[in-house]
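Report on the structure
Okay, here's what each chain looks like letter by letter:
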Amino acid sequence: MRRAIAAAEEVRGSTSPNPPVGCVVLDAGGEQVGVGATEPPPGWHAEVVALRQAADRAADGTAVVTLEPCAHHGRTPPCTDALRAAGIRTVHFAVEDPNPVAGGGAAVLRAGGLTVHQGLLRSEVENGPLRAWLHFARTGTPFVTWKFAATLDGRVAAADGTSRWISSAQSRADVHAIRAKADAVLVGTGTALADDPALTVRDEHGTAASRQPLRVVVGRRDLPGSARLRDGTARTLHLATHDPHEVLRALAGRGMVDVLLEGGPTLAGAFLAAGCVHRVLGYLAPALLGDGPAALAGAGIGTIDDAVRLEIEDVATIGPDLRISAVPRSRG
Ligand SMILES: NC(=O)c1ccc[n+]([C@@H]2O[C@H](COP(=O)([O-])OP(=O)(O)OC[C@H]3O[C@@H](n4cnc5c(N)ncnc54)[C@H](OP(=O)(O)O)[C@@H]3O)[C@@H](O)[C@H]2O)c1
């Protein structure tokens, strides 16, 4: 299953609105004979890719999949059919498919005489490659990670508005790798006008990646024709609204599952106040600015009892900076 998770991670960011799934096929003796992951739409599902690699060595074998195999005819035929046709005897999967149309694959396989085990490394998959997609499948709206870079005293810009750069080159490279896995990156018009960001995925030489997330600007002001967001390197969507729910509905309608909210403080505050932040990714630089805007503005929190409490899920050192990933604590 860990190999299947790694295969899924490799394709995360290229499969939406389909889930990034990984599959490993073992032969009758337990030897790995195929590994596959979801292809970009309208490509094949992970099971089919892994079964093709395994060919006739899949007979009497085992398939290990991160998500319950689908039992329906979508753009591709049911994976349950492909598994049975290949002669697979046993299926292990981590997470049930919450989608009422595609789900039910386990029952179909069992009815066909296969042995099916579910739940192997479930939480690693739920909090790993399938996290955003499961959120999307359950709520119909994208999973939002709010990312920011701040000094140790929580400032995202200096008093005069300058902010380049707060975090290190290593942290900025890390952000490019995270952007590469997102379907869309979001900023407010304030950031677009103040910083003129490109919001593209680039390598260390500045070369743009072939696949770019959709760039989204939220707010009523227009951007000048010279703005980098209008340079054509990647698609840009300007949503002249202040309603985070409307933004998420618009992105869901475009098949966007995993969204990176890159600020600034006003837009992030509005998203947090609306309950539209599902993960916080903070890069903390060992620097102090004293004055200047804080990472969040206008989040509607006036007293300590209303603080949004988070659970830290990961802390990493990136160059000289700290990267903290945290999720809102579940209530009740
Ligand atoms: N260090 C970091 O991680 C980081 C990241 C981003 C930005 N920054 C810094 O943040 C500063 C910009 O801050 P900012 O707060 O002006 O940026 P912002 O949050 O990107 O933009 C704010 C603007 O977005 C629009 N908007 C969209 N939805 C809104 C809502 N629900 N409520 C209110 N306004 C909404 C409004 O403009 P309209 O009038 O056009 O509607 C508002 O003025 C810059 O100095 C930038 O360098 C730092």
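Residues numbered from 1 in each chain as written. Predicted model: local features only at pLDDT ≥ 70, side-chain atom pairs only at ≥ 80, totals over all residues. Heavy atoms only, no water.

Moving on to the overall build of the chain. Along the chain, the regular secondary structure elements total ten helices and 13 strands. Relative to its length of 332 residues, the chain is compact, with a C-alpha radius of gyration of 22 Å against a globular reference of 20 Å. In terms of overall dimensions, the chain has a C-alpha envelope of 70 × 45 × 35 Å along the principal axes. With 332 residues in all, the chain has 48% of them scored as buried. (Helix = DSSP H or I, 4+ residues; strand = E, 2+ residues; numbered from the N terminus. Rg over C-alpha atoms; globule rule 2.2 N^0.38 Å. Buried < 20%, exposed > 50% of the residue type's maximum accessible area, 1.4 Å probe, protein only.)

Note on interface size: it is often stated as the accessible area lost on association of the parts. According to the domain assignment, the chain consists of domain 1 (2–132) and domain 2 (141–328). Taking only C-alpha atoms, the centre of domain 1 and the centre of domain 2 are 33 Å apart. The partner domain 2 presents eleven residues to the nine residues of domain 1 that form the contact. Between domain 1 and domain 2 lies a buried interface of about 880 Å² when both sides are counted; carbon and sulfur atoms form 49% of it. Taken together, domain 1 and domain 2 are joined by two salt bridges. The closest approach of N and O atoms between aspartate 258 and arginine 12, which form a salt bridge, is 3.7 Å. (Domains from an automatic or database assignment. Contact = heavy atoms within 4.5 Å. Buried area = accessible area lost by both parts, 1.4 Å probe. Salt bridge = Lys/Arg side-chain N within 4 Å of Asp/Glu carboxyl O.)

Not every one of the 25 residues close to the ligand is listed here, only the nearest: Thr189, Thr191, Arg220, His242 and Thr266. Backbone polar atom of glycine 190 to an oxygen atom of the ligand: 3.0 Å apart, as the coordinates give it. Note that an oxygen atom of the ligand is positioned 2.6 Å from one of the side-chain N or O atoms of histidine 242. Contact with the protein chains removes 81% of the 930 Å² of surface that the ligand exposes when unbound. When residues of the shell around the ligand are traced back to their parent elements, those giving at least two are strand 6 (143–151), helix 8 (189–195) and helix 10 (265–273). Of all the elements, helix 8 adds the most residues to the shell around the ligand, at five residues. For the shell around the ligand, a count of residues per class yields nine nonpolar, twelve polar and four charged. (Near = heavy atom within 4 Å. Polar contact = N/O pair within 3.5 Å; in protein donor to acceptor, adjacent residues only side chain to side chain. Areas by Shrake-Rupley, 256 points an atom, 1.4 Å probe, with all protein chains shown as cover. Nonpolar A, V, L, I, M, F, W, Y, C, P; charged D, E, K, R; others polar.)

The complete set of buried residues in helix 2 (residues 46–54) reads Ala46, Glu47, Val48, Ala50, Leu51 and Ala54. Buried residues belonging to helix 2 abut strand 1 (22–26), strand 2 (32–37), strand 3 (62–67) and helix 3 (79–85). Alanine 55 sits one or two residues past helix 2 and shows a positive phi near 50 degrees.

A word on the pattern of salt bridges. Applying the stated criterion across every chain yields a total of 13 salt bridges. Measuring nitrogen to oxygen at the nearest pair gives 2.5 Å for the salt bridge that ties arginine 2 to glutamate 124. Residue arginine 2 is found in helix 1 (residues 2–11), and its partner glutamate 124 is found in helix 5 (residues 122–126); the two are separated by 122 residues along the sequence. Put simply, arginine 89 and aspartate 60 hold a salt bridge, and the shortest N to O gap is 3.0 Å. On the criterion of sequence distance, the pair formed by arginine 89 in the loop between helix 3 and strand 4 (90–95) and aspartate 60 in the loop between helix 2 and strand 3 is long-range, its members being 29 residues apart. On the accessibility criterion, aspartate 60 (41% relative accessible area) is partly exposed. Residues joined by salt bridges that share partners form a network here, namely Glu9, Arg12 and Asp258.

Here the focus is the sheet that holds strand 12 (residues 310–318). Across a sheet, strands are paired by hydrogen bonds formed along the backbone, either parallel or antiparallel in direction. Taken in spatial order, the eight strands of this open sheet run 9-8-7-10-6-11-13-12, and their pairing is mixed. The open sheet is flanked by strand 9 (236–239) and strand 12, the only strands paired with a single partner. Strand after strand, the sheet turns through a mean of 20 degrees between neighbouring axes, direction not considered. Two elements, strand 6 and strand 11 (residues 279–285), share seven bridges in a ladder whose sense is parallel. (Pairing = 2+ DSSP bridges. Axes fitted to C-alpha atoms, helices over the stretch in contact; angles between N-to-C directions.)

Within the structure shown, the criterion is met by one aromatic pair. Across the ring face of tryptophan 44, the terminal group of arginine 52 is positioned such that the distance to the ring centre comes to 4.5 Å. (Phe/Tyr/Trp six-rings, centres within 6.5 Å; stacked < 30°, edge-to-face > 60°. Lys NZ or Arg CZ within 6 Å of the ring centre and 35° of its normal.)

One covalent bond between the sulfur atoms of two cysteine residues makes up a disulfide. Taken as a whole and assessed by the stated rule, the structure comprises zero disulfides. The structure places no disulfide on cysteine 23, whose sulfur is separated from the nearest cysteine sulfur, that of cysteine 79, by 8.4 Å. Judged by its relative accessible area of 0%, cysteine 23 falls in the buried class. Free of any disulfide, cysteine 70 has its nearest neighbouring cysteine sulfur in cysteine 79, separated by 3.8 Å. Cysteine 70 sits in the buried class, given a relative accessible area of 6%. (Disulfide = S-S within 2.5 Å.)

Here the focus is the nonpolar core. One finds Val25, Leu83, Ile88, Val91, Val95 and Leu130 to be the most contacted residues of the largest nonpolar core, which totals 40 residues. Among the secondary structure elements, those contributing two or more residues to this core are helix 1, strand 1, strand 2, helix 2, strand 3, strand 4, helix 4 (105–111) and helix 6 (131–139). Both of domain 1 (2–132) and domain 2 (141–328) provide at least three residues apiece to this core. With residues near it in sequence (within four places) discarded, isoleucine 88 still touches Val25, Leu51, Ala58, Gly61, Thr62, Ala63, Leu83 and Leu114. (Core = buried A, V, L, I, M, F, W, Y, C linked by side-chain atoms within 4.5 Å.)

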